[in-house]
Amino acid sequence: MEEIGGEEKMKAGKSMAPALIAAHPDGSCVVVAVGAALRIFNLLKEEPVQVQDDTLPAGHGDVIRAVAFDLHNSLFASVGDDKLVKLWDATAWTCIKTVRLSKKASAVTFSHDSAWLLVADKFGIVYVFSTVRHDAIHKPVLILAHCCSIITGLCCSPDGKYIVTSDRDFKIRVTKFPENPLTGAHDIHTYCLGHTNFVACVAFIGFQGLLISGGGDATLRLWEYETGALLDTFDTTDEAGVSGQSQGTRAVVAVAVSSCNTYVGTILERFEGVLLFACDMVERQLSLLQKVLWSENAPPTSLSFDSGGNLWLVSGAAETVEMGDEFVTPEALAVAQVQAQGIAMAAVTHVQVVRDCVLLGGTSVPGGELLLHTLQGHQAGVQDVTAATEAAELAMKNLLSKRQYTAEQREHRKRMRNDKVVSLAS
Amino acid sequence: MPKKRFYRARAHSNPLSDSQFPVPVKPDEFDWSEHFPAFFPATEPEDNAKDLKVRFADIGCGFGGLIVKLALLFPEKLMVGMELRDKVTEYVKERILALREQYKGQYENITVLRTNAMKYLPNYFEKGQLEKMFFLFPDPHFKEKNHRRRIISTALLAEYAYVMAIGGILYTITDVQELGEWMKSTLDSHPLFEPLTADELETDVCVELLSTATEEGQKVERNQGTTYRAIYRRIVAPKDPAGA
């Protein structure tokens, strides 16, 4: 009964989306996406940056769910529950183009050569777009799909040969990157199978064919993506037990790999800290280097390494604007966007930086107080951040986990089915 | 022999809903020996000549008419029927046990699994394992909103291509014209499949069975309905440098 209660509560209450953080590969800026807004701080000039968006519709109309930088051309992409894909020039911070999908987006990445932008939606379809400013194709082109499973992670291998997608059905799929992405990626190279719950995140390590993933089974797994072989499994359950609360396992929320491949940063659900791993490229295994904990009650929701080896962490979340399933008028959409921007403006986050396994205290972070002020929001109280973060993590876990029903609950659900209800009434 | 009337089930089941049945994490974790006891004897066999991998899969096998027919045609090949509906699977399971009991030494090479083939094929089969896949009279899902539930789609064909051996044959048949055209055009536009020639169709023993073996096919025949077949071979990607 507890599960059913939880489900109803989810439908009634507002859903929360976790805050995201991304550092520019050239080290010039840090972006925090919270709600529908992007908060950007230029680290070179030490000043906040305002984005300029002349495309239609301007700005995101609902929470941003995924962001990505490309490696070479200073591009940035943001996607979210408003079904919009926005491609940004990450130097001038102007919007290059906006494309509308038919479903909410869940993941985004650039191809290795930066020529293509790949976006996954919640129905498990991956679309591809050219990153060229004015191309003839304005409609999303389907490149591959998982059968109706939410795609949680999406990335292109550093050798340019594969697209890796992870989903909530415990799978990681390795697909050959096609010569012409607009005709689709049909050739599945292999699967990386071994997770026993949803896969939450995937990332590449180095150039020797290694892939790392984390998920709802609280494990971090190292794979050889050429063969799909599982090389190493690290169970984070014991490491995360320290903070005292023992309410079930903690899903691995996100992983990030430092640019020189020395560190793998991992954050867990409801865990006020970050686990730093080293990956032995010869033995091909993971070892825990350092557990960085902090006393403030702020479990991080996203992390990103910058080129200088700083690990940026953010905690926080913002409410989504639920539009429901009914037809949405343009007026309602405009109202929702104003509402979403309002929520994003008021949202508070908590930003932290770890350098060489040590937490940089307070205002000693790069960019100092002005950066914190820009990225965290105006009155950043850690308590608000914590509550919002926990709600967001719970929402994410409820979305991705498969519900387990006992035989009794299943019978009860069957009796409540629409067709049965109608036949009882008549 | 089990009675069908004790295994009444709904005609359709939602393939998109979350499964409430166990699924192996990966193919080598699945124990086929209990499904094929005659092929996996308790003691180590002297001869390793037998192929112990499942080679044929009937997706949405229903009451199992096709695999029962195929069992005698290809007695050395292991084959599996996959069905999403619980009760129907139970029926086929009982039917196979009854057949094995009745005809000693026969029907040892077929089994049935309750699973969702749209989601879990890679959990049961390795890359390039299957030589034949059958899709007989699948649900038509007429509404455009429900087209993503169709068993033949561009995205799912990539998964079928993954589990199929190069040269493996994919058989589809339906009595719904719209679906027949959909399956044909979807397969035609897929780079990893090519249609069989008329001669090849003539000589393939399975082709005849498509419309006669299953309960659904017999029903269509009784009503003198038209059927639409689409039979394709898994090929190497045209411009694949690795050659797979």
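Calculation criteria
Along every chain, residues carry numbers that run from 1 in the direction the sequence is written. Written order determines the labels here, with chains lettered from A and ligands numbered from 1. Residues qualify for local features only when their pLDDT is at least 70, as the model is predicted, and side-chain atom pairs are given and counted only at 80 or more; totals for whole chains, interfaces and linings, by contrast, use all residues. Note: side-chain values were computed over all heavy atoms of the structure, leaving out hydrogens and water. Only runs of H or I of at least four residues qualify as helices and only runs of E of at least two qualify as strands under DSSP, and these elements are numbered from the N terminus. For a compact globule the rule gives 2.2 Å times the number of residues to the power 0.38, and the radius of gyration it is set against comes from C-alpha atoms. Whether two residues touch is decided by their heavy atoms; if any such pair falls within 4.5 Å, the residues are in contact. Only the protein chains shown count as cover for residues, and the accessible areas themselves come from Shrake-Rupley with a 1.4 Å probe. In summary, the charge assignment counts Lys and Arg as positive and Asp and Glu as negative, without counting His or the chain termini. The atoms used to mark charge sites are NZ of Lys, CZ of Arg, CG of Asp and CD of Glu. Whether a residue is buried, partly exposed or exposed follows from its accessible area with a 1.4 Å probe, protein chains only, as a fraction of its type maximum: under 20%, in between, or over 50%, in that order. Working definition: rings of Phe, Tyr and Trp (its six-membered ring) pair if their centres are within 6.5 Å, and the pair is stacked with planes under 30 degrees apart, edge-to-face with planes over 60 apart, and tilted otherwise. Buried area is understood as the total, over both parts, of accessible area removed when two parts are fitted together, assessed with a 1.4 Å probe. For salt bridges, the criterion is a side-chain nitrogen of Lys or Arg within 4 Å of an Asp or Glu carboxyl oxygen. Here a polar contact is taken to be a pair of N or O atoms separated by no more than 3.5 Å, where protein atoms must pair a possible hydrogen donor with a possible acceptor and residues adjacent in sequence count only if both atoms sit in side chains. Each residue gets one of three labels, nonpolar for Ala, Val, Leu, Ile, Met, Phe, Trp, Tyr, Cys and Pro, charged for Asp, Glu, Lys and Arg, and polar for the others, Gly among them. Pairing between two strands requires that DSSP report at least two bridges joining them. Note on geometry: axes are lines fitted to C-alpha atoms, helical ones only across the stretch in contact, with angles between N-to-C directions running from 0 to 180 degrees. In this description, the term disulfide denotes a pair of cysteine sulfurs within 2.5 Å. UniProt positions are given in the numbering used here, feature names are shortened, and annotations may be inferred rather than shown by experiment. The pocket and cavity definitions rest on a 1 Å grid over protein atoms only: a 1.4 Å probe that fits but cannot leave marks a cavity, an open set with protein on both sides within 12 Å along at least five of seven lines marks a pocket, and residues lining either have an atom within 4 Å of a point. Note on terminology: a nonpolar core comprises buried Ala, Val, Leu, Ile, Met, Phe, Trp, Tyr and Cys residues joined through side-chain atoms within 4.5 Å. A helix is expected to span 1.5 Å multiplied by its residue count minus one.

Colleague: Before we go on, may I ask you to explain the overall build of chain B in this structure?
Modeller: Summing up its helical and strand segments, chain B has eight helices and seven strands in all. Here the C-alpha radius of gyration of chain B, 18 Å, is about what a compact globule of 244 residues would show, namely 18 Å. Over its C-alpha atoms, taken along the principal directions, chain B stretches across nearly 50 × 50 × 40 Å. A separation threshold of at least 6 residues defines the contact pool for chain B, and within that pool the share at least 24 residues apart is 80%. Summing over all exposed atoms, chain B offers an accessible surface of approximately 11,900 Å²; the carbon and sulfur share of this is 50%. Looking at charge distribution, chain B has the averaged site of its 33 positive side-chain charges lying 7 Å from that of its 36 negative ones.

Colleague: Honestly, the environment of Ala203(A) in this entry has me stumped. Any pointers?
Modeller: All names here are of chain A. In this fold, Ala203 is placed in strand 18 (residues 199–205). Owing to a relative accessible area of 11%, Ala203 belongs among the buried residues under this scheme. Sequence separation between Ala203 and Leu313 is 110 residues, and the spatial gap between their C-alpha atoms is 17 Å. With sequence-adjacent residues up to four places away left out, Ala203 is seen in contact with Leu211, Ile212, Val255 and Val257.

Colleague: Explain the packing of aromatic side chains here, please?
Modeller: Both the distance between ring centres and the angle between the ring planes are used here to describe each pair of aromatic rings. All names here are of chain B. Taken as a whole and judged by the stated rule, the model has 21 aromatic pairs over all chains. Both rings, one in Phe56 and one in Phe74, keep their centres 5.1 Å apart while their planes meet at 80°; by these two values the pair is edge-to-face. With a gap of 18 residues between them, Phe56 in strand 1 (residues 54–59) and Phe74 in the loop between helix 1 (65–73) and strand 2 (78–83) connect regions that are remote in the sequence. Given the relative accessible area of 2%, Phe56 is considered buried.

Colleague: Teacher, can you tell me more about the interface of chain B and chain A here?
Modeller: The extent of an interface is frequently quoted as the accessible surface area lost upon association of the parts. If you look at the interface, chain B gives 27 residues, while chain A gives 28 residues. At the boundary of chain B with chain A, total buried surface from both sides reaches about 2,400 Å², with 52% on carbon and sulfur atoms. Together, Gln20(B), Val25(B) and Tyr162(B) form the three largest contributors to the area buried by chain B at its contact with chain A, with a combined 22%. In this structure, the connection of chain B to chain A is made through three salt bridges. At the boundary of chain B and chain A, one finds five residue pairs in polar contact (both at pLDDT 80 or more). Elements with a contribution of two residues or more to the side of chain B that touches chain A: helix 3 (117–124) and helix 4 (154–163) of chain B. The element contributing the most residues to the side of chain B that touches chain A is helix 4 of chain B, with six residues. Looking at the side of chain B that touches chain A residue by residue, the classes come out as 13 nonpolar, four polar and ten charged.

Colleague: Would you mind showing me how to read the sheet that holds strand 11 (residues 116–121) of chain A here?
Modeller: Adjacent strands of a sheet pair through backbone hydrogen bonds, lying either parallel or antiparallel. Residues and elements named next belong to chain A. If you trace the four strands from one edge of the open sheet to the other, you get 10-11-12-13, paired in antiparallel fashion. Lying at the two open borders of the sheet, with one neighbouring strand each, are strand 10 (105–110) and strand 13 (141–145). Each neighbouring strand pair of the sheet contributes to a mean axis angle of 25°, computed without reference to strand direction.

Colleague: What is the right way to look at the state of the cysteines in this model?
Modeller: Within this structure, the stated rule accounts for zero disulfides over all chains. For the unlinked cysteine Cys279(A), the closest cysteine sulfur is that of Cys260(A), found at 13 Å. Residue Cys279(A) is classed as buried on the basis of its relative accessible area of 11%. With no disulfide partner, Cys206(B) has as its closest neighbouring cysteine sulfur the one in Cys61(B), 16 Å distant.

Colleague: Would you take a moment to explain the UniProt feature "binding site: S-adenosyl-L-methionine" (unreviewed entry) in chain B for this structure?
Modeller: Residues and elements named next belong to chain B. Per the UniProt record, "binding site: S-adenosyl-L-methionine" (unreviewed entry) is found at Gly60, Glu83, Leu84, Asn116, Ala117, Leu136, Thr214, Glu215 and Glu216. Of the residues annotated just before, the second largest pocket has Gly60, Glu83, Leu84, Asn116, Ala117, Leu136, Thr214, Glu215 and Glu216 among its lining. Tracing the backbone shows Gly60 in the loop between strand 1 and helix 1. If we ignore the near neighbours within four places in the chain, the residues touching Gly60 are Met82 and Glu83. Following the sequence through the fold, Thr214 ends up in the loop between helix 7 (205–212) and helix 8 (215–222).

Colleague: Where do I start with the nonpolar core in this structure?
Modeller: Side chains that are nonpolar tend, in soluble globular proteins, to be buried together. Residue and element names in this part refer to chain B. By size, the foremost hydrophobic cluster in this structure holds 48 residues, and its most contacted members are Phe125 and Tyr160. By residue number, the principal contributor to this core is helix 4, which donates seven residues. Once residues lying within four places of it in the same chain are set aside, the contact partners of Phe125 are Pro27, Trp32, Val54, Ala57, Val80, Met82, Leu130, Tyr162 and Val163.

Colleague: How should I be thinking about the UniProt feature "repeat: WD" (unreviewed entry) in chain A in this particular structure?
Modeller: All names here are of chain A. The feature "repeat: WD" (unreviewed entry), as annotated in UniProt, sits at residues 57–98 and 192–233 in this numbering. Helix makes up 0% of residues 57–98 and strand 55%. Its end C-alpha atoms lie 8 Å apart. Secondary structure content for residues 192–233 is 0% helix and 62% strand, and the end C-alpha separation is 13 Å.

Colleague: For this particular structure, what's the right way to read helix 2 (residues 86–102) of chain B?
Modeller: An α-helical turn contains 3.6 residues, so any two residues separated by three or four positions project in the same direction. Residues and elements named next belong to chain B. Across its 17 residues, helix 2 extends 24 Å between first and last C-alpha, which sits within 8% of the 24 Å expected from 1.5 Å per residue. Of the positions making up helix 2, those classed as buried are Val88, Thr89, Tyr91, Val92, Arg95, Ile96, Ala98, Leu99 and Arg100. Where the residues of helix 2 are buried, they touch helix 1, strand 2, strand 3 (110–114) and helix 8.

Colleague: Help me understand unusual backbone geometry in this model?
Modeller: Leaving glycine aside, a negative phi is the common case for residues, and trans is the common case for peptide bonds. Residue and element names in this part refer to chain A. In this structure, the amide linkage connecting Leu56 to the following residue, Pro57, adopts the cis form with an omega of -15°. A positive phi angle, close to 55°, is found at Ser74, a residue other than glycine. On the secondary structure map, Ser74 appears in the loop between strand 6 (64–69) and strand 7 (75–80). Here Ser74 falls in the buried class, since its relative accessible area comes to 13%. In this model, Phe170 sits at a positive phi of 70°, which is unusual for a non-glycine residue. Relative to the helices and strands, Phe170 is located in the loop between strand 15 (162–167) and strand 16 (171–176).

Colleague: It is not clear to me how the UniProt feature "active site" (unreviewed entry) in chain B should be interpreted in this structure. Could you clarify?
Modeller: Residues and elements named next belong to chain B. Annotation from UniProt places "active site" (unreviewed entry) at Asp139. By the secondary structure assignment, Asp139 is in the loop between strand 4 (130–136) and helix 4. Not counting the four nearest positions on each side in its chain, Asp139 is found in contact with Ala11, His12 and Leu179. At a separation of 3.0 Å, a polar atom in the side chain of Asp139 contacts the side chain of His12.

Colleague: Which parts of the structure should I look at to understand the side chain of Lys171(A)?
Modeller: Structurally, Lys171(A) can be placed in strand 16. Buried charge without a salt bridge: Lys171(A), with Asp167(A) as the nearest opposite-charge side chain at an N-O distance of 5.1 Å. There is a polar contact of 2.5 Å between the side chain of Lys171(A) and the backbone oxygen of Lys119(B). Apart from the residues lying within four places of it in its own chain, the contact partners of Lys171(A) are Thr165(A), Ser166(A), Tyr191(A), Cys192(A), Leu193(A), Val199(A), Lys119(B), Tyr120(B), Pro122(B) and Asn123(B).

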